[in-house]
Amino acid sequence: MKKITLIIPCYNEQEALPFFYEEVTKTLSGLSNYSYELLFINDGSDDDTLSVIKSFATKNEAVKYLSFSRNFGKESAMYAGFCHATGDLVAIMDADMQDPPSLLPKMLEILEKEEYDCVATRRFSRKGEPLVRSFFARLFYRLMNKISRTDIQPGARDFRLMKRPMVDAIVSMCEYNRFSKGIFGWIGFRTYWLPYENVERVAGKTKWSFFGLFRYALDGIFNFSQAPLYIASWFGLFMTMLSVVLLLFVIIRKLLFGDPVAGWASQVCIMIFIGGIQLFCMGIMGQYIAKIYLETKHRPPYIIAETNLTETKKATE
Ligand code: UDP
Ligand code: MG
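What comes next is a walk through the structure. (Residues numbered from 1 in each chain as written. Chains lettered and ligands numbered in written order. Predicted model: local features only at pLDDT ≥ 70, side-chain atom pairs only at ≥ 80, totals over all residues. Heavy atoms only, no water.)

Where helix α5 (residues 131-147) meets helix α8 (residues 210-224), the closest approach of the two axes is 11 Å, and the angle between their N-to-C directions is 5°. If you check the angle between α5 and α8, you find them roughly parallel. Counting all contacts with α5, which are made through V132, R133, F136, F140, L143, M144 and I147, the residues of α8 involved are F210, L213, A217, G220, I221 and F224. A per-class count over the contact of α5 with α8 returns 11 nonpolar, 1 polar and 1 charged. (Axes fitted to C-alpha atoms, helices over the stretch in contact; angles between N-to-C directions. Helix = DSSP H or I, 4+ residues; strand = E, 2+ residues; numbered from the N terminus. Parallel < 35°, antiparallel > 145°, perpendicular 65-115°, else oblique. Contact = heavy atoms within 4.5 Å. Nonpolar A, V, L, I, M, F, W, Y, C, P; charged D, E, K, R; others polar.)

Here you go:
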């Protein structure tokens, strides 16, 4: 009998978890050919998420949990889940029911019947989401696919069901600056995209502010594309060439008409403009250097404070 592991990252999800647990156990116990394991990752919640998870664990031995020493973010939670999942098939699911458990049987069927390593989900609508957020999300996916060779589908969720080889590949990517949507695309494997209508969160609030998402998008770009660096260098080259042309213009004008002092105001503007561009380009380089800095420290992406697993793995093993 094959085993499915569901990884559920949870950060302050005490309201949503009971709904999730009921629905998901109903769906999973309906699958006669599979056993299951629910691996909850408590990502340093401030509310009673951990005690809710523990109450599930006392009544159901398929419930496992890892509890972090503080909030490390969903990326770290997912990675910890992948490192500790024991199933032949592994799925990532949000605790707020935005990743409908009812899709699981269909996903399993696709993996069993067809030659795919992974079934990933994609929202075809963003109903119920603020318009500004949808607009920037669309812009991000369009930009990302232009400047990065990693395939990132618009509207892609982290909700996906994978076979073991793909999970092992994800675990082997032990980078500190994690951007899972990029990692999933980068490692390859045959992926089936299953579209579904957006579902609103069952209870609780989203953990993402607009600026939080904006930073996440920038992280994605810096982690999976060198395009900002190229843009900076090409811009530098363009400015240098332009300055040579302008210099020639100034020299020729001086020789023909004299009066080298006129136009000082425009010169100051140009100096400020170029200074700005230089700082901007240095900032871009700084972003990459900061990533290198964090990467070389080899800090663990998560620290486990408590668990009911008998054995835990260090992130960098
Ligand atoms: N989450 C997490 N750590 C965080 C933020 C979020 O583990 O620092 C979990 C959260 O509990 C949920 C999932 O990641 O299960 C998705 O979060 P959320 O629903 O807030 O994001 P959205 O669906 O609005 O993109
Ligand atoms: Mg959500």
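Axes are the key here: two packed helices are described by the angle between their axes and the distance separating the axes. Viewed as axis vectors pointing N to C, helix α9 (residues 227-257) and helix α10 (residues 264-296) meet at an angle of 155°, and their least axial separation amounts to 10 Å. Between α9 and α10, the interaxial angle falls into the category roughly antiparallel. Classified by chirality, the crossing of α10 by α9 is left-handed. Along the contact surface, α9 presents A227, P228, L229, A232, F235 and M239, while α10 presents F273, I274, I277, C281, I284, M285 and Y288. When grouped by side-chain class, the residues that make up the contact of α9 with α10 number 13 nonpolar, no polar and no charged. (Left-handed = near helix turned anticlockwise from the far one by under 90°.)

What follows is about the sheet that holds strand β8 (residues 304-307). Strand order in the open sheet formed by 8 strands is β7-β5-β6-β4-β1-β2-β3-β8, and the pairing between neighbours is mixed. Each edge of the open sheet is held by one strand with a lone partner, namely β7 (191-196) and β8. For this sheet, the mean inter-axis angle between neighbouring strands, taken without regard to orientation, is 20°. Note that strand β5 (residues 118-123) and strand β6 (residues 156-163) share 4 bridges and pair antiparallel. (Pairing = 2+ DSSP bridges.)

Further remarks concern the site of ligand 1. Taken together, 17 residues sit near ligand 1, with E13, D43, Q98, T206 and K207 positioned nearest. One of the side-chain nitrogen or oxygen atoms of T206 is found 2.6 Å away from an oxygen atom of ligand 1. Starting from 530 Å² of accessible surface for ligand 1 in isolation, the protein chains cover 91%. Counted by class, the shell around ligand 1 contains 5 nonpolar, 4 polar and 8 charged residues. (Near = heavy atom within 4 Å. Polar contact = N/O pair within 3.5 Å; in protein donor to acceptor, adjacent residues only side chain to side chain. Areas by Shrake-Rupley, 256 points an atom, 1.4 Å probe, with all protein chains shown as cover.)

This part is about helix α4 (residues 104-113). Among the residues of α4, L104, M107, L108, I110 and L111 are the ones counted as buried. With its buried residues spanning 160° around the axis, α4 presents them on a single face. (Buried < 20%, exposed > 50% of the residue type's maximum accessible area, 1.4 Å probe, protein only. Arc of directions from axis to C-beta.)

All right, on to the side chain of N177 then. Following the sequence through the fold, N177 ends up in the loop between α6 (164-172) and α7 (180-187). What makes N177 buried here is its relative accessible area of 11%. Engagement of the side chain of N177 in a polar contact is seen with the backbone oxygen of K291, the distance being 3.4 Å. Once residues within four sequence positions are removed from consideration, N177 is found in contact with N223, K291, L294 and E295.

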